[in-house]
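Survey of secondary and tertiary structure
One-letter residues, chain by chain:
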Amino acid sequence: MITIGLVGWGDQEDLYPAGTPASRRLGWYARHFSVVEVDSSFYAILNPDTYRRWLAETPAHFSFFLKAFQGMTGHSRGRTNYSSPGEMFQAYLDSIRPVVEAGRLKAILFQFPPWFDCCQEHVRQLRAIRKWMGGLPLAIEFRHQSWYSPEHREGTLAFMREQGWIHTICDEPQVGQGSVPAVLVPTTPDLTFIRLHGRNAEGWAQSGAENWREVRNLYRYSREELLEWQGKLTEIQALGTKEICMIFNNNSGGDAAMNAREMMSILGLNTAELPPRQLDLFAEGES
């Protein structure tokens, strides 16, 4: 099985009728996709009521791929409002409990920063995270190439299997140590993630630029590039994984939704009809 979704739902203008308020967009999004990656959980530990509202706005088959809070992945470099890691992890677990109890959690994404390299200390941190998070489904995404270097690649994959980490395969520009290759290997039998960040090498490399976050994922995949992934998906499935979840993160220019729909079409998956983008001034009105 292959499921497809996007990072967030707020900026996907093509999916919504003109003038759709922010409060109704998730419901419209769920007409098109069965999963969404929640990015806001990276920036703050959300109130459980926020998740309860999202659950009420979506159908029972819809699931959430939640990003781990930045303090849990080291992005905040130890600067958080929590007195200890244990307190922070517990606050996050309390926050997402409504999604877990509803059976609507796809997985929690631990995306580590570019300075989180392959070393003993960071392996110990991964073991600690696995214990703190209990038996919840956890996906891992590295941003340092050392984890997939020739001397560490097999050890990295074996460690993921041992600890039950879901492999997140990335499609991203290959620019220095802060990007990783697409290693087409599942590490758990139930689920494998693919996150497509675009291939804007110039934008990806400008991490010091003021508008870096706006341009790094500014990319529109061509049909030929998406067709490449059709073959890769077959290769991954042959290695043994029940579900592949593809998440499009090339959101900067509003390209993710259309690329995701095109990928669904390539794979023969049903796509919902898009709403009209504007009123027809010349349509016959009521007399």
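Values in this document were obtained by computation on a predicted structure and should not be read as measured data.

Some points on the side chain of Ser-41
In this fold, Ser-41 is placed in helix α2 (residues 40–43). Here the side chain of Ser-41 touches Lys-67 through a polar contact of 2.6 Å, landing on its backbone oxygen. In this structure Ser-41 touches Leu-46, Tyr-51, Leu-66, Lys-67, Ala-68, Phe-69 and Tyr-92, once residues within four positions along its chain are discounted.

A short note on the nonpolar core
Across soluble globular proteins, you tend to see nonpolar side chains buried next to one another. Core analysis: the largest hydrophobic core is formed by 71 residues, its most contacted members being Tyr-29, Phe-64, Ile-108, Phe-110, Met-133, Phe-142 and Phe-248. If you tally residues by element for this core, the top one is helix α11 (residues 256–266), at 7 residues. In terms of nonpolar packing, the next biggest core, distinct from the first, is built from 11 residues, Val-7, Phe-65, Ala-139 and Phe-193 among them.

Examining the pattern of salt bridges
Oppositely charged side chains can form a pair if their charged atoms are brought close together. According to the stated counting rule, one finds 19 salt bridges in the structure shown. When the shortest N-O distance is used, the salt bridge between Arg-143 and Glu-172 registers 3.9 Å. Remark: Glu-172 occurs in the loop between β6 (165–171) and β7 (191–196) and Arg-143 occurs in the loop between β5 (138–141) and α7 (153–163); sequence separation between them is 29 residues. No difference in accessibility class separates Arg-143 from Glu-172, as the two residues are buried. Residues joined in a network through salt bridges with shared partners are Glu-37, Glu-141, Arg-143, Glu-172 and Arg-195.

Details of the environment of Ile-247
Position of Ile-247 relative to the elements: it lies in strand β8 (residues 243–248). Ile-247 sits in the buried class, given a relative accessible area of 0%. Sequence-wise, Ile-247 and Ile-194 are 53 residues apart; in three dimensions their C-alpha atoms are separated by 6.1 Å.

Quick word on the packing of aromatic side chains
On inspection of all chains with the given rule, the structure shows 19 aromatic pairs. Summarising the aromatic geometry, the rings of Phe-110 and Phe-112 are spaced 6.3 Å apart at their centres and angled 25° between planes, so their arrangement reads as stacked. Both residues of the pair, Phe-110 and Phe-112, count as buried. A centroid spacing of 4.1 Å and a plane angle of 10° characterise the contact between Phe-142 and Trp-147, whose relative ring orientation is stacked. Here the two residues Phe-142 and Trp-147 agree in accessibility, since each one is buried. Aromatic ring contacts, followed pair by pair, group Trp-9, Tyr-29, Phe-33, Tyr-51, Trp-54, Phe-62 and Phe-64 into a single cluster. Directly above the aromatic system of Phe-42 lies the positively charged group of Lys-67, at a separation of 4.9 Å from the ring centroid.

What counts, and at which threshold
- Residues numbered from 1 in each chain as written.
- Predicted model: local features only at pLDDT ≥ 70, side-chain atom pairs only at ≥ 80, totals over all residues.
- Heavy atoms only, no water.
- Helix = DSSP H or I, 4+ residues; strand = E, 2+ residues; numbered from the N terminus.
- Polar contact = N/O pair within 3.5 Å; in protein donor to acceptor, adjacent residues only side chain to side chain.
- Contact = heavy atoms within 4.5 Å.
- Core = buried A, V, L, I, M, F, W, Y, C linked by side-chain atoms within 4.5 Å.
- Buried < 20%, exposed > 50% of the residue type's maximum accessible area, 1.4 Å probe, protein only.
- Salt bridge = Lys/Arg side-chain N within 4 Å of Asp/Glu carboxyl O.
- Phe/Tyr/Trp six-rings, centres within 6.5 Å; stacked < 30°, edge-to-face > 60°.
- Lys NZ or Arg CZ within 6 Å of the ring centre and 35° of its normal.

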